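# Results of the structural survey
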Amino acid sequence: MAGFLIVNERSGDDSGTDGLLSGAERLGIRVHILRTGEDLRSLAHEAPAGPIGMAGGDGSLAPVAEVCLERELPFVCVPFGTRNHFARDLGLDRDDPVAALAAFTQGVERRIDVGRANERLFLNNVSLGVYARLVHRREHHRRRRNALARLRALAILARHPHALGISIDGKPIEARVVLVGNNSYSLEMLSLGERERLDEGCLHLYAPTGLLRGAWEDRRSDRFVVDARSGRLEAAVDGEPDELETPIEFRVAPAALRVLVPPARD
């Protein structure tokens, strides 16, 4: 058995499911189609020993990756969602999920960092405050022109003029949005770009600065503590909406996760 793959057909366009299933069958990969109400962590815990893969969007990857950490098994990412930021930063072709299946049989192992917000694991980033809403709005229109996306971003910020009322490592900060990334992101205005590395061994905390909040302050550390007067903060964890109780301790586990990727193409 080459490995175990969980497929979330609801992550994005399910028109490619048949091709993905056929490709997995050719490689001897056991497949489980995620059903409504099923728990990803339980499925991953019950999987046979060997590589465990997740075909889905960014929000469905972390629960399976966390079980791989606990079981000391390699993780396989198969891009099958609407954004697939983690797959992009791994160097995968986001438009070819079948090609990612080669990681099960010919995979090259990489060690990458994972982040935690309190006890919740994240692979990409955690956004707090208005940016949590902005992520979803911008991604919904991600195929539109960048200029329009930026105007929408500024409009959202204008409708929420008040700061979050938070402190970072005990020092108050005037910010309506904060983003904590697992490794360094390229950022332009309010647009979240790619990561060049996934094994830098540190977190990056970003907060907008300037009169129009068109630039970012970048803080780098292996740990941040974010607190808030409200006791809770609206958040997006790897693109999934959530509310996190404060204080939130962000920390990084360097090179903790074993990830299999397809061999490099010529």
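You'll find the structure just up there.
Counting restarts for each chain, with residues numbered from 1 along the sequence as it is written. pLDDT decides what is reported in this predicted model: residues at 70 or higher carry local features, side-chain atom pairs at 80 or more are listed and counted, and totals for whole chains, interfaces and linings draw on all residues regardless. Hydrogens and waters are ignored; side-chain quantities use all the structure's heavy atoms.

The next subject is the sheet that holds strand β17 (residues 240-245). Paired strands, as defined in this entry, are two strands with at least two bridges between them according to DSSP. Secondary structure elements are defined from DSSP: runs of H or I of at least 4 residues count as helices, runs of E of at least 2 residues count as strands, and each element is numbered from the N terminus. The strand order across the open sheet built from six strands is β14-β13-β10-β7-β16-β17, with neighbouring strands paired in antiparallel fashion. Every other strand in the sheet has two partners, leaving β14 (215-221) and β17 as the edge strands with one partner each. Strand after strand, the sheet turns through a mean of 25 degrees between neighbouring axes, direction not considered. The pairing of strand β7 (residues 125-129) with strand β16 (residues 232-237) spans three bridges and is classified as antiparallel. By the bridge assignment for β16, V126 is matched with V237. Comment: axis = line fitted to C-alpha atoms, over the contacting stretch for helices; angle = value between 0 and 180 degrees taken between N-to-C directions.

Put simply, a salt bridge is a Lys or Arg side-chain nitrogen that is within 4 Å of an Asp or Glu carboxyl oxygen. Under the criterion given, the structure shown has 16 salt bridges. In this structure, R258 and E109 form a salt bridge, with 3.2 Å as the shortest nitrogen-oxygen distance. Of the two residues, R258 is situated in strand β18 (residues 248-261) and E109 in strand β5 (residues 108-117); the sequence distance between them amounts to 149 residues. When a residue's accessible area, from a 1.4 Å probe over protein chains only, is under 20% of the maximum for its type it is buried; when over 50% it is exposed; and in between it is partly exposed. Looking at R258, the relative accessible area reads 24%, which means it is partly exposed. According to the relative accessible area criterion, E109 is partly exposed, its value standing at 38%. Taken together, the shared-partner salt bridges connect R41, E66, E70 and R116 into one network.

Attention shifts here to the nonpolar core. Residues grouped as a nonpolar core are buried Ala, Val, Leu, Ile, Met, Phe, Trp, Tyr and Cys residues, joined through side-chain atoms within 4.5 Å. Within the largest apolar cluster, 30 residues are counted, with the highest numbers of intra-cluster contacts made by F75, F86 and L257. Among the secondary structure elements, those contributing two or more residues to this core are β1 (3-7), α2 (40-46), β3 (52-56), α3 (61-71), β4 (75-79), α4 (85-90), β5 and β18. The element that contributes the greatest number of residues to this core is α3, accounting for six residues. Excluding residues within four positions of it along the chain, F75 makes contact with I52, M54, L61, V64, A65, C68, F86, L257, R258, V259 and L260. Residues A117, A228, L233 and V237 belong to the second largest nonpolar core, which totals 23 residues. Whether two residues touch is decided by their heavy atoms; if any such pair falls within 4.5 Å, the residues are in contact.

What follows concerns the pairing of β3. Taking burial as the measure, the five residues of β3 include five buried ones, the bulk of the element. Of the two faces of β3, both are covered, the one formed by I52, M54 and G56 as well as the one formed by G53 and A55. Sheet topology note: the β1/β3 ladder contains four bridges and is parallel. The partner of F4 across the bridge, within β3, is I52. By the bridge criterion, five bridges tie β3 to β4 in an arrangement that is parallel. Counted as the bridge partner of A55 is V78 from β4. Consider the strands pointing away from the viewer: the crossover is right-handed when the path from the first strand over the helix to the second runs clockwise. Once you follow β3 into α3 and on to β4, the crossover reads as right-handed.

Our next topic: the environment of D96. Its place among the elements puts D96 in the loop between α4 and α5 (97-100). D96 sits in the partly exposed class, given a relative accessible area of 26%. C-alpha separation for the pair D96 and G16, spaced 80 residues apart in sequence, amounts to 9.4 Å.

With that settled, consider unusual backbone geometry. The step from T246 to P247 runs through a cis peptide bond, and the omega angle for that step is 0 degrees. Within the secondary structure, P247 is located in the loop between β17 and β18. With phi around 80 degrees, N183 is a residue other than glycine that occupies positive phi space. Relative to the helices and strands, N183 resides in the loop between β10 (177-182) and β11 (187-188). Classification of N183 as buried rests on a relative accessible area of 0%. Residues other than glycine seldom take positive phi values, yet D238 does so here, at roughly 50 degrees. Overall, the relative accessible area of 4% leaves D238 in the buried class.

Those residues of helix α1 (residues 17-27) that fall on the buried side of the exposure criterion are T17, L20, G23 and A24. The buried residues of α1 occupy an angular sector of 130 degrees when projected down its axis, which confines them to one face. For α1, exposure combined with an orientation more than 90 degrees from the buried face picks out D18, E25 and R26. Tucked into the core, α1 has its buried residues touching β1, β2 (29-33), β3, β4 and α5. Taken from the residues just after α1, G28 is the one with a positive phi, measuring 75 degrees. Comment: arc refers to directions from the helix axis out to C-beta atoms.

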